[in-house]
Amino acid sequence: MTAAPHPLVSTARTLADDLLAPNAGRVDQEGVPASHLEAVRRSGLLGMSAPREYGGAGAPDPVAREVQEILAGACCSTWFVQTQHHTPVRLLAKSELPVRERLLAPLASGELLAGIAYAHVRAFPRVPVRATAERDGWRFDGTVPWYTGWGLNDVMLLAGVTDSAEIVFAFADARTQPGLRASQPMRLAALTAARTVSLELEGLWLPGENVVLRTPREKFALVDLPRSTNASPAVFGVAYAALRLLEDAGETETARGLRARLDDVRRQAYELADHPVPHEHVAERLALRTRSYDLMRAATTAAVVAGGGRTMDVRHPAQRLAREGMFLLVQGQTSVVREAHLAALATAG
């Protein structure tokens, strides 16, 4: 952890201790309430990565990672809904298109909450969502397989691929409208509470002024590479939460050994995340991501073992953390990540 906590880190810990962690079991069973997201908004955490001139905190990446760890370890479902918000904020901060002036300030303040609908572009050459220029704007057709925060988000960052393999990113209202229809919320093994749906797009038209980025697919793939190959802060957050349960159960020696290994992997992973050339050292990034998975799985398993038969109660925190850990194994997964993880599992002793 950072030697001198940033004010946002202290804010996140207070929010986690006072609201998120005490209610995580109920949220897991009933769903993320709007009041949780309102509390995150009031805390200023939704704008932590936004530029100061737009009302954000301009926090450096190490602070943002630690905040995400804290929130994920306290209530992974709430973390997952709010974490969608930060990608649109970062993208707007780098954009020079008019939509920046319209949306960045309300997103930085939390007046608007954003979701994301673009992971499907990683499936190329398969194109789940097609973008077509039409009437000074863009038409989107296809299926967004996963969209988190439906009914909680105000806007979404939607992406489609053109016939020339260009990716178009544009903002849309996160609501049912002509050309956009959501499925019923999915029942998932973990994080059902995050209100995930699929979206059917049948001629959804968005004006050109809603576009935040147009980029060749090859360029996007290069920029996107570190997002999928770096270890996720949420993995460390869930692992540390499991170790705290283990310590509470009196298994301090086991917790101490796992924590030392987790601290080491975390340090190495974050050093690579801060490397000045983000698409280099891919093999090392993947190896550290896989090791972080292994340690998260070991920590959540140890918490289940220490809790005994009581952990089979769906309300038990160790069981919830184990399910959340299972979710994180596939969250943001690409073919490169999947192949590296399976190869590591095949050779594990």
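Because the structure is predicted, anything quoted here is derived from the model rather than measured.

Calculation notes
- Residues numbered from 1 in each chain as written.
- Predicted model: local features only at pLDDT ≥ 70, side-chain atom pairs only at ≥ 80, totals over all residues.
- Heavy atoms only, no water.
- Helix = DSSP H or I, 4+ residues; strand = E, 2+ residues; numbered from the N terminus.
- Buried < 20%, exposed > 50% of the residue type's maximum accessible area, 1.4 Å probe, protein only.
- Contact = heavy atoms within 4.5 Å.
- Phe/Tyr/Trp six-rings, centres within 6.5 Å; stacked < 30°, edge-to-face > 60°.
- Expected span 1.5 Å × (residues − 1).
- Salt bridge = Lys/Arg side-chain N within 4 Å of Asp/Glu carboxyl O.
- Axes fitted to C-alpha atoms, helices over the stretch in contact; angles between N-to-C directions.
- Parallel < 35°, antiparallel > 145°, perpendicular 65-115°, else oblique.
- Left-handed = near helix turned anticlockwise from the far one by under 90°.
- Nonpolar A, V, L, I, M, F, W, Y, C, P; charged D, E, K, R; others polar.
- Pairing = 2+ DSSP bridges.

1. Concerning the environment of S292
Okay, step 1: Looking at the element boundaries, S292 is found in helix 10 (residues 282-307).
Okay, step 2: The class for S292 is buried, based on a relative accessible area of 1%.
Okay, step 3: Sequence separation between S292 and M156 is 136 residues, and the spatial gap between their C-alpha atoms is 30 Å.
Okay, step 4: For S292, the residues in contact, after removing those within four places along its chain, are A231, V235, F236 and V265.

2. A closer look at unusual backbone geometry
Okay, step 1: Omega for the bond connecting F124 with P125 falls within 30 degrees of zero, at 15 degrees, which places this linkage in the cis form.
Okay, step 2: If you trace the backbone, P125 turns up in the loop between strand 1 (114-117) and strand 2 (129-134).
Okay, step 3: Positive phi outside glycine occurs at A165, with the angle close to 65 degrees.
Okay, step 4: With respect to the secondary-structure elements, A165 resides in the loop between strand 4 (155-161) and strand 5 (166-173).
Okay, step 5: Judged by its relative accessible area of 18%, A165 falls in the buried class.
Okay, step 6: Here H281, not a glycine, exhibits a phi torsion of approximately 60 degrees, which is positive.
Okay, step 7: Considering the arrangement of structural elements, one finds H281 in the loop between helix 9 (252-273) and helix 10.

3. Here we look at the packing of aromatic side chains
Okay, step 1: Enumeration according to the criterion identifies seven aromatic pairs in this entry.
Okay, step 2: Centre to centre, the rings of Y118 and F169 are 5.7 Å apart; their planes meet at 65 degrees, and the pair counts as edge-to-face. You can see Y118 sitting in the loop between strand 1 and strand 2 and its partner F169 sitting in strand 5, a full 51 residues away along the chain.
Okay, step 3: The exposure class assigned to Y118 is buried, which follows from its relative accessible area of 6%.
Okay, step 4: Look at F169 and you get buried, because its relative accessible area is 3%.

4. Considering helix 11 (residues 317-330)
Since one α-helical turn is 3.6 residues long, residues separated by three or four positions face the same way.
Okay, step 1: Taking 1.5 Å per residue, 14 residues should reach 20 Å; helix 11 reaches 21 Å between its end C-alpha atoms and fits that length.
Okay, step 2: Among the residues making up helix 11, those that are buried are A318, Q319, R320, L321, R323, E324, G325, F327 and L328.
Okay, step 3: As for helix 11, its buried residues are in contact with helix 1 (7-30), helix 3 (61-74), helix 4 (76-83), helix 8 (233-248) and helix 10.
Okay, step 4: Where helix 11 terminates, the next one or two residues include G332, which has phi positive at roughly 70 degrees.

5. What to know about the pattern of salt bridges
Okay, step 1: A full pass over the atoms with the stated rule returns 23 salt bridges.
Okay, step 2: Ionic pairing is found between E134 and R135, a salt bridge with its closest N-O pair at 3.7 Å.
Okay, step 3: Judged by its relative accessible area of 56%, R135 is exposed.
Okay, step 4: E324 is the partner of R320 in a salt bridge, and the nearest nitrogen-oxygen pair spans 3.2 Å. Taken as a pair, R320 and E324 lie in helix 11 at a separation of four residues, close to a single helical turn. Both residues of the pair, R320 and E324, belong to the buried class.

6. Observations regarding the packing of helix 10 against helix 11
Okay, step 1: Where helix 10 meets helix 11, the closest approach of the two axes is 8 Å, and the angle between their N-to-C directions is 160 degrees. Considering their axes alone, helix 10 and helix 11 lie roughly antiparallel with respect to each other. Two packed elements cross with a definite hand, and for helix 10 against helix 11 that hand is left-handed. Contacts from Y293, M296, T300, A303 and V304 of helix 10 reach helix 11 at A318, Q319, L321, A322, G325, L328 and L329.
Okay, step 2: Here the contact of helix 10 with helix 11 is composed, by residue class, of nine nonpolar, three polar and no charged.

7. With respect to the pairing of strand 3 (residues 137-148)
Okay, step 1: The pairing of strand 2 with strand 3 spans six bridges and is antiparallel. The residue of strand 3 that forms the bridge with R130 is D141.

8. Observations concerning the pairing of strand 4
Okay, step 1: Of all seven residues in strand 4, seven are buried, a share of seventy percent or more.
Okay, step 2: Across the two faces of strand 4 the burial is the same, with V155, L157, A159 and V161 and M156, L158 and G160 all buried.
Okay, step 3: Pairing between strand 1 and strand 4: four bridges, direction parallel. The partner of A114 across the bridge, within strand 4, is V155.
Okay, step 4: Taken together, strand 4 and the strand that follows it, strand 5, pair antiparallel across an intervening segment of four residues, in which A165 is found at a positive phi of about 65 degrees.

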